[in-house]
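# Tertiary structure, described
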Amino acid sequence: MPQRLPAIALWTAISLLGASALGGIALNRGESINAAWFVVAAVCVYLVAYRFYGGWIAARVLSLDASRATPAERLENGRDFVPTSRWIVFGHHFAAIAGAGPLIGPTLAAQFGYLPGTLWLLAGAVLGGCVQDMLVLFCSTRRDGRSLGQMARDELGRAGGTAAMLATLLIILILIGVLGLVVVKAMAHSPWSTFTVFSTVPIALVVGVYLRRIRPGRVLEGTALGVALLLLGVLGGGLLGSWPTLYAAFDWDGRALAGFVIAYGFVAAILPVWLLLAPRDYLSTFVKLGVVLMLATAIVLISPEVKMPPLTRFVDGTGPIFSGDLFPFLFITLACGAISGFHALVASGTTPKLLARESDIRLIGYGAMAAESFVGVLALVAASVLDPGVYFAINTAAGVVGADPTAATATITSWGFPVTAAQMRALAESVGEVSLFGRTGGAPSLAVGMASIFGSAFGHGLLATWYHFAIMFEAVFILTTLDAGTRVGRFIMQDMLGAFWTPLGRTSWYPSVVLSSLLVVGGWGYFLYIGVIDPNGGINILWPLFGIANQLLAAIALAVVTVILVRSSRARYAWVSALPLAWLVVVTTSASLQKLFAADPGVGFFAAARELTAKLAAGALPPERAAIAPQLIFNQQLDGWMTAFFLVLVWVVVIDTLYRCLRREAVGAPRSARNPESPYVRTQLP
């Protein structure tokens, strides 16, 4: 006992510090609050949860065994299954899961105020998201690295497995389409941003060729080269103003940029993984982790004041960025920062094929998700240190407040968030942009917030450079996920096509690669196009669908692992996954029903389609909007029917889960008859 006293004292101190910081954030009213407390509270919560809850799950629920050979060791082939250092696997996993969600979701959710988002990011991650990622990674590792879809077919049977596979594919299309929209909104009519983001593609190719052909194995050299070129890309964009012809050449509108993103997604899906995907993932790991540490350090150093109130008037569901009440729309808006179904695809994809030790599952599954949630907290802080009027001016579409700057600022000021056209004009000039009005999608406002923090900490005179550095950082986050998501979607599509003609199911057959990639990219490209042509900015219509789809996918993943826990003599611990599953089912069902049946056009898909149809028939639309109204009406109806379809598929999975967990055979059968885990083999690794 005396030997444990220092550890007990340390963890008691961390717990008390975290509780004090969190209490100050939650109970503060009417006084300014220091943003550094958000960092302190988050770090303490993650440390305590990782040490105790994550440790308990690892030891008692999963009984992780470091002596057990993993699929990476048993099936090593030098290509897919390769035992890898735990820290390299951590970096790979973090880079793959950390997409736009933890950046954009918290930024958009700031319209409710800073408090609801902060509380859910912390609680949702440690009790839901980290648990899901850890359990899925464990289940896949014990089953030779099988994918979520394959495990669903094995555990849920024909009906549940087919529903899970189909839902997974369709949800991926929506997720990638919305991520592409965020990139487009960040680059539209911003030559500096467009040049910087475009430059990341040839940089990844150069690094790929350098490490594969020119200097094989010289990882440090390739890293230094890639990071240096990325920084030059940011600085080079700032020089475009000196060459009017080049400046105009990179001044692209939304539709042109959507075409670029779609073409990029297709090329990335069919190129060899070493040429583009691997070097981009590798570089993005350094950029992501480096910028996150820089941002956290800057917040602690300068301790900026949080200007967003803890709760805003828009908790009643009348928000201008997206409509809907605090419950359930906060929980589907934050999505990835708290719990994300997309992570389950990664945790049952490449990651289990790289694990050298089963004991690393807690670090990589629970730890990487905690790190992503921390990114979400930092994004929320970056949005909340902006003047609220500036925040709403950037994130609210012209279709809501008007295209005229004076009229837009007057409307926003009338909401109780003062802002002037001159203030917005000066801010745009300081970050090297023509205008910041109506830059929906969350990325521009997040970049402004990050630039403000970086400028105060490391040099305010470089505000424009910091802004575009932040845009590049966000784009790297998003395009990495777009790469990985498109490939995952391609594999699922090939698996489904193989049921009709066997050669189409071969992942290495090039005609199948091209065909399946075209189908997947065409699917998410359509949703990207929907967002680009939407006069309300696209986010209002697509982000709720994105959040619902992502949380439904998480529900599918938790349903699968719940069945596995029950059928592998761990039924007494099934509540670990069943409780977050029940919460997600309640939230997503509530949100889906509101999006389907709400009479408010700002909330309901079909209500919005009916309102637009009536206005078009009455001739009440301006000519430019009347021209695209039929497409917008169809898109709203399509989103509604897809939401209904997803809801039915997920309830099929949930009902199948309940049936298989409750039926007598699942609990009463001999373990050997119901345990599909790979047999124990002792590791030979040193």
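Preceding this paragraph is the structure being described.
Source: prediction; values computed, not measured.

What counts, and where the lines are drawn
- Residues numbered from 1 in each chain as written.
- Predicted model: local features only at pLDDT ≥ 70, side-chain atom pairs only at ≥ 80, totals over all residues.
- Heavy atoms only, no water.
- Core = buried A, V, L, I, M, F, W, Y, C linked by side-chain atoms within 4.5 Å.
- Buried < 20%, exposed > 50% of the residue type's maximum accessible area, 1.4 Å probe, protein only.
- Helix = DSSP H or I, 4+ residues; strand = E, 2+ residues; numbered from the N terminus.
- Contact = heavy atoms within 4.5 Å.
- Phe/Tyr/Trp six-rings, centres within 6.5 Å; stacked < 30°, edge-to-face > 60°.
- Lys NZ or Arg CZ within 6 Å of the ring centre and 35° of its normal.
- Axes fitted to C-alpha atoms, helices over the stretch in contact; angles between N-to-C directions.
- Parallel < 35°, antiparallel > 145°, perpendicular 65-115°, else oblique.
- Left-handed = near helix turned anticlockwise from the far one by under 90°.
- Nonpolar A, V, L, I, M, F, W, Y, C, P; charged D, E, K, R; others polar.
- Polar contact = N/O pair within 3.5 Å; in protein donor to acceptor, adjacent residues only side chain to side chain.

In terms of nonpolar packing, the biggest core is built from 222 residues, with Ile 57, Leu 436, Met 450 and Trp 524 touching the most fellow members. The dominant element in this core, judged by the number of residues it contributes, is helix α7 (residues 148-187), at 24 residues. Discounting chain neighbours no more than four positions away, the residues touching Met 450 are Val 291, Leu 295, Ala 382, Ala 470, Phe 473 and Glu 474. One finds Ile 533, Leu 612, Ala 629 and Ile 633 within the second-largest nonpolar core, a separate group that totals seven residues.

What follows covers the packing of aromatic side chains. For any pair of aromatic rings, the description rests on two quantities: the centre-to-centre distance and the angle between the ring planes. Taken as a whole and judged by the stated rule, the model has 30 aromatic pairs. Here Phe 38 and Tyr 114 contribute two aromatic rings whose centre-to-centre distance is 5.4 Å and whose plane-to-plane angle is 80°, an arrangement assigned as edge-to-face. Taken together, the residues Phe 38 in helix α2 (residues 36-61) and Tyr 114 in helix α6 (residues 114-141) connect sequence positions 76 residues apart. Owing to a relative accessible area of 1%, Tyr 114 belongs among the buried residues under this scheme. Measuring from centroid to centroid gives 5.3 Å for Phe 606 and Trp 641, while their planes differ by 70°, and the two rings are edge-to-face. Highlighted residues: Phe 606 in helix α25 (residues 605-618) and Trp 641 in helix α26 (residues 623-662), separated in sequence by 35 residues. Three or more aromatic residues joined by ring pairs make a cluster, and in this case those are Phe 195, Phe 198, Phe 250, Trp 252, Phe 260 and Tyr 264. Over the ring of Trp 87 we find Arg 86, and its NZ or CZ is 5.6 Å from the ring centre. Over the ring of Phe 605 we find Lys 595; its NZ or CZ atom is 4.6 Å from the centre of that ring.

Attention shifts here to the packing of helix α22 (residues 510-533) against α26. Helix-helix packing is described using two parameters, namely the angle between the two axes and the distance between the axes. The N-to-C vectors of α22 and α26 enclose an angle of 130°; their axes lie 11 Å apart at closest approach. Classified by the interaxial angle, the pair formed by α22 and α26 is oblique. Every pair of crossing elements has a handedness; the one defined by α22 and α26 is left-handed. Here α22 contributes Tyr 526, Phe 527, Tyr 529, Ile 530 and Ile 533 to the contact with α26, which in turn contributes Ile 628, Gln 631, Leu 632, Phe 634, Asn 635, Leu 638, Asp 639 and Met 642. Considered class by class, the residues forming the contact of α22 with α26 number ten nonpolar, two polar and one charged.

Running from N to C, helix α11 (residues 254-270) and α22 cross one another at 155°; their axes reach a closest spacing of 9 Å. The angle between α11 and α22 falls in the class roughly antiparallel. Between α11 and α22 lies a crossing whose hand is right-handed. Contacts between α11 and α22 pair Gly 254, Arg 255, Ala 258, Val 261, Ile 262, Gly 265, Phe 266, Ala 269 and Ile 270 from the former with Tyr 510, Val 513, Val 514, Ser 517, Leu 518, Val 521, Trp 524, Gly 525, Leu 528, Tyr 529, Val 532 and Ile 533 from the latter. Per-class residue counts for the contact of α11 with α22 are 16 nonpolar, four polar and one charged.

On to the environment of Asn 550. Checked against the element boundaries, Asn 550 lands in helix α23 (residues 539-567). By relative accessible area, which is 0% here, Asn 550 ends up buried. Separated by 379 residues in the primary sequence, Asn 550 and Ile 171 place their C-alpha atoms 6.9 Å from one another. Polar side-chain contacts of Asn 550 include one of 3.3 Å to the side chain of Ser 340.

Between Phe 327 and the following residue, Pro 328, the backbone shows a cis peptide bond with an omega angle of 10°. Within the secondary structure, Pro 328 is located in helix α13 (residues 326-334). The phi torsion at Asp 144 lies on the positive side, around 60°, for a residue other than glycine. Relative to the assigned elements, Asp 144 resides in the loop between α6 and α7. A positive phi is found at Ser 303, a non-glycine position, where the angle reads about 45°. Structurally, Ser 303 can be placed in the loop between α12 (277-302) and β2 (305-306). Looking at Ser 303, the relative accessible area reads 27%, which means it is partly exposed.

The next thing to look at is the environment of Tyr 391. Turning to its location among the elements, Tyr 391 is positioned in helix α16 (residues 388-395). On a C-alpha basis, the gap between Tyr 391 and Met 308 in space is 9.0 Å, while along the polypeptide they are 83 residues apart. Leaving out residues up to four positions away in the same chain, Tyr 391 has contacts with Thr 107, Leu 108, Ala 110, Gln 111, Met 308, Ile 321 and Ala 383.

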